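# Structural overview
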Amino acid sequence: MATEKENGRKKENSVMDKVLHGFPGSFFDPEDQGAECSADYSEPHGVDIRIVGLNKSFGENHVLKDINLEIKAGETFSIIGPSGTGKSVLLKHIVKLEAPDSGRIYIDEHDIFAEMKRGTSRDYRYSMVFQTSALFNSLSVGENVGLWLREKRVCPEVRIRRIIRDKLRLVGLQGKEDLMTSELSGGMKKRVAIARSLAMNPDLILYDEPTAELDPVTSDELARVIMDLKKEVSLTSIIVSHDLNFAFHLSDRLAMIHDGRIIETGTPEQIRASDNPHIKKFLYTTTKGISGV
Amino acid sequence: MIAKLLGQTIFFFKEAPRNLPSIFKQLSDIGIGTLPIAALMAFFVGMVLALQTGTQLALYGTQEVIGAIVGLSMVKELGPVMTALLVAGRVGSSMAAEIGAMKVYEEIDALKTLEIDPVRYLAMPRMLACLLAVPALVIFSIIIGVLGGGLISSVTPAINVPLSVYFENLVRAIGYEEIFKGLLKAVVFGGIVAHVGCYVGFKTSGGARGIGQATTRAVVLAFILIMVADYFLTRLTL
């Protein structure tokens, strides 16, 4: 591990790295201890989310039907349900990648779509971990994690490098800054995607099917990473998953979505004890066996 | 949509200084990467042009003007068009495939959630690099093509025009105006290649098959637009 770290530092100080990202410290103060980030890069505080009467159709396909949901600040909230029921579409509305046909989403009581139309800036930061990880192949792990910081220029370069190291350590990938994304396993890609999201110090983080395409052992490791984050960082987390074990372990509350509608909301215990036939069937098929066999 | 993307790309030109590493990378990919193929192509085009035209002119004893004909053809037409078609095939397709793959694998969405405008981050550096690299490649192609034509004119017994006569006629025929017209075409064609590549890439959907189709579409569309633009630019600058 020490060798990896040393190699990482050696590469970090290469001429090309300096040309691309600037010189990390001054001649007299190579560590540049005083380098601080701007006020825009504050600690995360978690946000309240309120979704009211949300509807979305793609052509004839009515994907989201009158969605009403409340998520409290600092909560880890999971949206569960079978594939193709609109979970990811709902998530994309919260990060404004999709616009609703009708309905509103309030974050800290600000109507996000009304603000988008007015062009007013948001006073919270959000970030999303995509199902495919969506890492940028042309960039190294460190460059992926530091992309937002470098683009927004909220911190000096020396501080950015420290943040990259810290965020990678948080997800158990210390010293991997110089690896290319093609050298990573599926689980490592997910963790880099989480580190990239955390580098923004987000108030809201969304995970779209974080355990998709991962084996059970790697899923457990990822769950531990998210649980550790929950202890260390104060933010609102929304997880979309059809992996019930994962969702039950991590969530403070869950909502079950079926055929584009929220059919039940509650704590893991309340969901487990629900009499709703769709929930019972979903729980049975995903935890015990094949329905009707 | 295509006009909106063009407008946004031009709008983000002012952000070029903060994207210099990306612009230099694109310049290297487009310029240095295409240089050897462009040189080879221009050399043979120049030689074929001299061979075809020179032997016909020799029938009437007017082969001395071969330098002017090869020079004008390379500067005003063949240099810009052939180089642009080469860049469209080599670079435009790669732009469409790269951005298309980023679209399909949610990387464009990831950029948006990171508050990074995909047009500024992806399209603007490619457009600027094409606007700079294609004229540079065209100048290079013209020089190589003219040299190829001169070589064939002097060593082919049926033409037999000394290099001194070849270049004397060439220099007499080509003024700043001709060079400007050729470079104007190069800039426009470079813009077409980058814009089509980026536009088709951003519109990609449907997985690996969609990426493949986007690549083909970008090349075909760029070829057609280059030929159409060539006609109108020639009409305008006659």
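First things first, this report covers the structure right here in the doc. Here the residue index of a chain counts from 1 through its sequence in written order. The naming scheme follows written order: chains are lettered A onward, ligands numbered 1 onward. Where local features are concerned, this predicted model is filtered to residues with pLDDT of at least 70; where side-chain atom pairs are given and counted, the filter is 80 or more; whole-chain, interface and lining totals use all residues. Excluding hydrogens and water, the side-chain figures rest on all heavy atoms present in the structure.

## Re the overall build of chain A
Across its full length, chain A carries 11 helices and 10 strands. Exposure categories follow from relative accessible area, calculated using a 1.4 Å probe and restricted to protein chains: below 20% of the type maximum is buried, above 50% is exposed, and the middle band is partly exposed. Put simply, chain A has 293 residues, and 53% of those count as buried. For chain A, the share of sequence-separated contacts (at least 6 apart) that also reach a separation of at least 24 residues comes to 69%. Note on conventions: DSSP H or I runs of at least 4 residues are helices, E runs of at least 2 residues are strands, and numbering of each starts at the N terminus. We call two residues in contact whenever any of their non-hydrogen atoms come within 4.5 Å of each other.

## Let's talk about the overall build of chain B
Across its full length, chain B carries 8 helices and 0 strands. Helices and strands appear in chain B in the N-to-C order α-α-α-α-α-α-α-α. Per-residue burial for chain B yields a buried fraction of 52% across its 238 residues. Of all intrachain contacts in chain B linking residues separated by at least 6 positions in sequence, the fraction that spans at least 24 positions is 84%. For every accessible area listed, the method is Shrake-Rupley and the probe measures 1.4 Å; residues are considered covered only by the protein chains on display. Accessible surface for chain B amounts to roughly 10,700 Å². Of this, 71% is attributable to carbon and sulfur atoms. When the 17 basic and 14 acidic side-chain charges of chain B are each reduced to a single mean position, those positions are 5 Å apart. All tallies of charge rest on Lys and Arg as positive and Asp and Glu as negative; His and the ends of each chain are not included. A single reference atom marks each charge: NZ on Lys, CZ on Arg, CG on Asp, CD on Glu.

## Remarks on the pattern of salt bridges
Residue and element names in this part refer to chain A. Any Lys or Arg side-chain nitrogen found within 4 Å of a carboxyl oxygen on Asp or Glu counts as a salt bridge. For the coordinates displayed, the defined rule picks out 22 salt bridges over all chains. Taking the shortest distance from any N to any O, the salt bridge between Lys 65 and Asp 259 comes out at 3.3 Å. In this pair, Lys 65 is assigned in strand E2 (residues 61–71) and Asp 259 in the loop between strand E9 (253–258) and strand E10 (261–266), connecting sequence segments 194 residues apart. The buried category is assigned to Lys 65, whose relative accessible area is 15%.

## Quick look at the interface of chain A and chain B
Contact residues are listed per partner, giving 23 residues for chain A and 16 residues for chain B. Joining two parts hides part of their accessible area as seen by a 1.4 Å probe, and the buried area is that hidden amount summed over both. For the chain A and chain B pair, buried surface summed over both sides reaches about 1,800 Å², with 57% attributable to carbon and sulfur atoms. Considering only the surface of chain A that becomes buried against chain B, Leu97(A), Phe136(A) and Glu151(A) emerge as the three largest contributors, covering 30% of it. There are 4 salt bridges connecting chain A and chain B. The salt bridge involving Asp109(B) is made with Lys92(A); its shortest N-O contact spans 3.7 Å. With 4 residues, helix H5 (residues 141–152) of chain A is the single largest residue contributor to the side of chain A that touches chain B. Side-chain classes follow a simple rule in which Ala, Val, Leu, Ile, Met, Phe, Trp, Tyr, Cys and Pro form the nonpolar group, Asp, Glu, Lys and Arg form the charged group, and the remainder, Gly included, forms the polar group. Broken down by class, the residue content of the side of chain A that touches chain B amounts to 13 nonpolar, 3 polar and 7 charged.

## As for the sheet that holds strand E5 (residues 110–111) of chain A
As a general point, the strands of a sheet are linked pairwise by backbone hydrogen bonds and lie either parallel or antiparallel. Residues and elements named next belong to chain A. In this analysis, strands are considered paired if DSSP registers two or more bridges between them. Reading across the sheet, the 4 strands line up as E2-E1-E4-E5 and stay open at both edges, with antiparallel pairing between neighbours. Two strands lie at the open edges of the sheet, namely E2 and E5, each paired on one side alone. Inspection of the sheet shows strand E1 (residues 49–58) paired to E2 by 7 bridges, in the antiparallel sense. Note that in E2 the partner of Phe 58 across the bridge is Asn 61.

## Brief notes about the environment of Gly266(A)
Residue and element names in this part refer to chain A. When you line up the elements, Gly 266 lands in strand E10. Residues Gly 266 and Arg 118, spaced 148 residues apart in sequence, show a C-alpha to C-alpha distance of 35 Å. In this view, Gly 266 contacts Arg 253, Leu 254 and Ile 271; residues no more than four positions away in its chain are not counted.

## Brief notes about the packing of helix H2 (residues 20–59) of chain B against helix H3 (residues 66–104) of chain B
Residue and element names in this part refer to chain B. With axes taken as lines fitted to C-alpha atoms, and helix axes fitted only over the stretch in contact, angles between N-to-C directions fall between 0 and 180 degrees. At a minimum axis separation of 9 Å, H2 and H3 run at an interaxial angle of 145°. Pair H2 / H3 crosses with right-handed handedness. Of the residues that constitute the contact of H2 with H3, the class distribution is 19 nonpolar, 6 polar and 2 charged. Rotating anticlockwise by less than a right angle from the far helix to the near helix defines a left-handed crossing, while the corresponding clockwise rotation defines a right-handed one.

## A closer look at the environment of Phe246(A)
Residues and elements named next belong to chain A. Inspection of the secondary structure assignment puts Phe 246 in helix H9 (residues 244–250). Along the chain, Phe 246 and Pro 216 lie 30 residues apart, while their C-alpha atoms are 9.9 Å from each other. If sequence neighbours within four positions are ignored, Phe 246 has contacts with Pro 210, Thr 211, Ser 219, Leu 222, Ala 223, Ile 226, Ile 239 and Ser 241.

## Observations regarding the side chain of Asp111(A)
Residues and elements named next belong to chain A. Of note, Asp 111 is situated in strand E5. Given the relative accessible area of 11%, Asp 111 is considered buried. Apart from the residues lying within four places of it in its own chain, the contact partners of Asp 111 are Arg 104, Ile 105 and Tyr 106.

## Remarks on the sheet that holds strand E6 (residues 126–129) of chain A
Residues and elements named next belong to chain A. Ordered in space as E6-E7-E8-E3-E9-E10, the 6 strands form an open sheet in which the pairing is mixed. At either margin of the open sheet sits one strand with a lone partner, and together these are E6 and E10. With direction set aside, neighbouring strand axes in the sheet form an average angle of 15°. Sheet topology places E9 next to E10; 5 bridges connect them, and they run antiparallel. When the sheet's bridge partners are listed, Leu 254 is paired in E10 with Gly 266. Across the sheet, helix H7 (residues 186–198) is in contact with E6 and strand E7 (204–208); its angle to E6 comes to roughly 175°.

## Observations regarding the packing of H3(B) against helix H7 (residues 176–202) of chain B
Residue and element names in this part refer to chain B. At a minimum axis distance of 7 Å, the contact between H3 and H7 shows a crossing angle of 15°. Judged by the inter-axis angle, H3 sits roughly parallel to H7. Judged by the twist between their axes, the crossing of H3 over H7 is right-handed. Within the contact of H3 with H7, the residues separate by chemical class into 18 nonpolar, 5 polar and 6 charged. For this classification, under 35 degrees means roughly parallel, over 145 means roughly antiparallel, 65 to 115 means roughly perpendicular, and everything else is oblique.

So yeah, pure geometry; function would need other evidence.
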